[in-house]
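# A structural walkthrough
Chain residues, written in single-letter form:
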Amino acid sequence: MNYEQLLKKSQKEALKYQKEIEAVKLLLMELSHQDPHMFYLNLKNEVDTSFLKMFESKLELYLKEDVPVQHLIGHAYFYGHPFLVSQAVLIPRSETEQLVEEVLYLYDDHFENKDIDVLDLGTGSGCIGISLALEEKHMNVSISDISEEALEVASENVKKLNANVKVVHSDLFQKIEGKFDIIVSNPPYIPNDEVVDNIVRKEPHVALYGGILGVDFYERIIKNIRPYLKEKALIAFEHGYMQKDVIYKFVEKYLPEASILQKQDLQQKDRFTFVGLNIDLTT
Ligand code: GLN
């Protein structure tokens, strides 16, 4: 059997289990250590039997046990970089890449070329904070998480991607010291009783659930954030598509003088809230 035949056969199987054919292609490419270019050039090559066995056992875990492909290959691409992932962290999502991009734009608009301090609260794999540090050398980034297991993964990513990032073990602000120009967070925001896909259920609960309405972390963060912000500062959140209004109300309650900007993701879902202190985000 050649790679093309194996791909077709596996994708047919994926459809039977209502799984994604693109994920199957990714699994095959990554496990055979080929980039897309090499993969297509080598489609007619024979698959050797030991590889076939290994591939089929991993494919089965994806199709029948709902193990995410990113866990099977051990990494996920985020903002152009491979981030290690494991059962201890949320798999980085594409919406979150947009959060990084928006923060980089806001930095250009409001901080120009200044050196600034940035905190990524609840960093998980480290994807947000590490990407910011890699993209913008003026950002002095700290990343934190309550989960020590997640921080092990994040620290590996800091090392592997050669990022200049400080790692802090902290339950929200508990162990955080100093003041920041930008605090960014994509905390757990799924309502406790929401039913998620089997494959999402394989991700850590501590990274997924955010209380009855899913907004507990936003309130805790906004309520306690002021001492950790410099006079001129920006907060950037990703959130669930139905949480826009309640987050707006938390900001009005705890940071009444702040300027607020809310944006949609590429699927036109209300996904981001930006809060400016002594920064006018409305212009
Ligand atoms: N901040 C991390 C991310 O964006 C982790 C998010 C989480 O675990 N809720 O992927």
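Values in this document were obtained by computation on a predicted structure and should not be read as measured data.

Scoring rules and cut-offs
Residues numbered from 1 in each chain as written. Predicted model: local features only at pLDDT ≥ 70, side-chain atom pairs only at ≥ 80, totals over all residues. Heavy atoms only, no water. Buried < 20%, exposed > 50% of the residue type's maximum accessible area, 1.4 Å probe, protein only. Helix = DSSP H or I, 4+ residues; strand = E, 2+ residues; numbered from the N terminus. Pairing = 2+ DSSP bridges. Polar contact = N/O pair within 3.5 Å; in protein donor to acceptor, adjacent residues only side chain to side chain. Contact = heavy atoms within 4.5 Å. Phe/Tyr/Trp six-rings, centres within 6.5 Å; stacked < 30°, edge-to-face > 60°. Lys NZ or Arg CZ within 6 Å of the ring centre and 35° of its normal.

## Details of the pairing of strand β7 (residues 229-238)
Burial of β7 is extensive: seven of the 10 residues sit out of reach of the surface. Summarising the sheet, strand β6 (residues 180-185) and β7 pair through five bridges and their orientation is parallel. Across the sheet, Ile-182 pairs through a bridge with Leu-234, a residue of β7. Pairing of β7 with strand β9 (residues 270-277), which is carried by six bridges, proceeds in the antiparallel orientation. Looking across to β9, one finds that Ala-233 is bridged to Leu-277.

## Notes on the side chain of Gln-34
With respect to the helices and strands, the residue Gln-34 is situated in the loop between α2 (21-31) and α3 (36-41). Looking at Gln-34, the relative accessible area reads 13%, which means it is buried. Polar side-chain contacts of Gln-34 include one of 3.0 Å to the side chain of Ser-32. Apart from residues lying up to four places away in sequence, Gln-34 is in contact with Tyr-3, Met-29, Phe-39 and Asn-42.

## Concerning the pairing of strand β8 (residues 259-264)
Where β8 and β9 come together, six bridges link them in antiparallel fashion. Considered in β9, the bridge of Gln-264 is made with Asp-270. Counted along the chain from β8 to the antiparallel partner β9, the turn is five residues long, and its residue Gln-268 has a positive phi close to 60°.

## A few points about the packing of aromatic side chains
Following the criterion strictly, the structure yields 10 aromatic pairs and no others. Geometrically, the ring pair formed by Phe-39 and Tyr-40 is edge-to-face, given 5.5 Å between the ring centres and 80° between the ring planes. Look at Phe-39 and you get buried, because its relative accessible area is 0%. Tyr-40 sits in the partly exposed class, given a relative accessible area of 42%. Considering the side-chain rings of Phe-78 and Phe-83, the 5.9 Å spacing of their centres and the 85° angle between planes classify their relative orientation as edge-to-face. On the basis of relative accessibility, which here comes to 0%, the residue Phe-78 falls in the buried class. Ring-pair connections join several aromatic residues into one group, and the members of that group are Tyr-3, Phe-39, Tyr-40, Phe-51 and Phe-55. When the ring centre of Phe-111 is taken as origin, the NZ or CZ atom of Lys-232, which lies over that ring, is 5.0 Å away. When the ring centre of Tyr-241 is taken as reference, the NZ or CZ atom of Lys-269 above it lies at 5.0 Å.

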